[in-house]
Amino acid sequence: GAVVSQHPSRVICKSGTSVKIECRSLDFQATTMFWYRQFPKKSLMLMATSNEGSKATYEQGVEKDKFLINHASLTLSTLTVTSAHPEDSSFYICSALTVNTEAFFGQGTRLTVV
Amino acid sequence: KNQVEQSPQSLIILEGKNCTLQCNYTVSPFSNLRWYKQDTGRGPVSLTIMTFSENTKSNGRYTATLDADTKQSSLHITASQLSDSASYICVVTRYKLSFGAGTTVTVRA
């Protein structure tokens, strides 16, 4: 199957700083990528849909100024958590959609804000 | 109401036994229905994918079935192993991805 690489896998940052998470489709082009947040023992919660070359579409309740999404190319989307706070600590996962509408997921990023 | 409902929420089975997970959906028609396995702290990994017209798909000890009439899919795990302990997620894709809440499987020796 197709490969989606997410980086970093773990990051610890101080409160007030910003953290960037990258999501790359390694062997296919993805016009659409998704960003999810997952709390322990809970299902994935869609945060936003990222479309190449256009603004991301955010789900209700997700602050777009807090979670900046950039999808500048067909193989790369980034999620930047700005002015991070401890409540932003979570597991963040991206997925990329192939032209056949198959979704492949990144490995996830464990963010800890101290 | 969620468009994809999974049951049971969790189950515990003994190593070597079989189990079946259920997925009921209301999204119809759809592009594909996938079953994913998610280990703790990792991203979901695809196990099987079926289009609207397919009835069954196997991947090793994992067999997925699809009944478009009843809008149900199942994932059967044969001869379970300790490494099968994970969450199993049913995802139906039409214009967007619709996720089930997942079934947490625990395999005990």
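Numbers given for residues are sequential positions, taken from 1 along each chain in its written order. Here chains are named by letter from A upward and ligands by number from 1 upward, in the order in which they appear as written. The predicted nature of this model means local features are confined to residues of pLDDT at least 70 and side-chain atom pairs, given and counted, to a pLDDT of 80 or more, with totals for whole chains, interfaces and linings taken over all residues. For side-chain calculations, the full set of non-hydrogen atoms in the structure is used, while hydrogens and water are omitted.

A. Focus on the packing of aromatic side chains. For this analysis, a ring pair means two rings from Phe, Tyr or Trp (six-membered ring only for Trp) whose centres lie within 6.5 Å, classed as stacked if their planes differ by under 30 degrees, edge-to-face if by over 60, and tilted for the remaining angles. Under the defined criterion, the tally for this structure stands at 10 aromatic pairs over all chains. Ring geometry for phenylalanine 34 of chain A against tyrosine 36 of chain A: centres 6.3 Å apart, planes inclined by 40°, an arrangement best described as tilted. Tyrosine 36 of chain A shares its class with phenylalanine 34 of chain A; the two are buried. A ring pair is formed by tyrosine 25 of chain B and phenylalanine 30 of chain B, whose centres lie 5.3 Å apart and whose planes are at 85°; its orientation type is edge-to-face. Across the pair, exposure class does not vary: tyrosine 25 of chain B and phenylalanine 30 of chain B are buried alike. Grouped by ring-pair contacts, the aromatic residues Phe34, Tyr36 and Phe105 of chain A together with Tyr36 and Phe99 of chain B constitute a single cluster. Counted as over-ring charges are cases with an Arg CZ or a Lys NZ within 6 Å of the ring centre that also lie within 35 degrees of the ring normal. Sitting above the plane of the phenylalanine 104 of chain A ring, arginine 34 of chain B keeps its charged end 4.8 Å from the centroid. In this arrangement the basic side chain of arginine 61 of chain B is found over the ring face of tyrosine 62 of chain B, its NZ or CZ atom lying 5.7 Å from the centre. The classification of residues rests on relative accessible area computed with a 1.4 Å probe and restricted to protein chains. Under 20% of the type maximum is buried, over 50% is exposed, and intermediate values are partly exposed.

B. Layout of the interface of chain B and chain A. For this analysis, residues touch if any pair of their heavy atoms sits within 4.5 Å. Taken together, the 16 residues of chain B in the interface contact 19 residues of chain A. The term buried area refers to how much accessible surface (probe radius 1.4 Å) is lost by two components on association, counted for both of them together. Area buried by chain B at its contact with chain A is led by Pro44, Leu97 and Phe99 of chain B, which between them contribute 33% of it. The rule for a salt bridge is simple: a side-chain nitrogen of Lys or Arg has to be within 4 Å of a carboxyl oxygen of Asp or Glu. Across the contact surface, chain B and chain A share 1 salt bridge. The salt bridge partner of arginine 34 of chain B is glutamate 102 of chain A, with a shortest N-O separation of 3.1 Å. Whenever a nitrogen or oxygen atom comes within 3.5 Å of another N or O atom, the pair is scored as a polar contact, on the condition that within protein one atom can donate a hydrogen and the other can accept it, and that pairs from neighbouring residues in sequence are kept only if both atoms are in side chains. The interface formed by chain B and chain A holds 4 residue pairs in polar contact (both at pLDDT 80 or more) in total. The helix and strand labels rest on DSSP assignments: H or I over at least four residues marks a helix, E over at least two residues marks a strand, and numbering proceeds from the N terminus. At the level of elements, strand 4 (32-38), strand 9 (86-93) and strand 10 (97-99) of chain B are the ones that each hand at least two residues to the side of chain B that touches chain A. Ranked by the residues each element gives to the side of chain B that touches chain A, the list is headed by strand 4 of chain B, at 4 residues. Class assignment for the residues of the side of chain B that touches chain A results in 7 nonpolar, 7 polar and 2 charged. Note on residue classes: Ala, Val, Leu, Ile, Met, Phe, Trp, Tyr, Cys and Pro are nonpolar, Asp, Glu, Lys and Arg are charged, and everything else, Gly too, is polar.

C. Representation of the sheet that holds strand 8 (residues 72-77) of chain B. All names here are of chain B. Whether two strands pair depends on DSSP finding at least two bridges between them. The strand order across the open sheet built from 5 strands is 1-3-8-7-6, with neighbouring strands paired in antiparallel fashion. The strands lining the two open edges of the sheet, one partner per strand, are strand 1 (4-7) and strand 6 (56-59). Within the sheet, the average angular offset between the axes of one strand and its neighbour, ignoring direction, is 15°. In this sheet, strand 7 (residues 62-67) lies alongside strand 6 in antiparallel orientation, the contact comprising 4 bridges. Pairing of threonine 56 across the sheet is with threonine 65, part of strand 7. Each axis is a line fitted through C-alpha atoms, taken for helices only over the stretch in contact, and angles between the N-to-C directions span 0 to 180 degrees.

In short, geometric facts, not functional conclusions.
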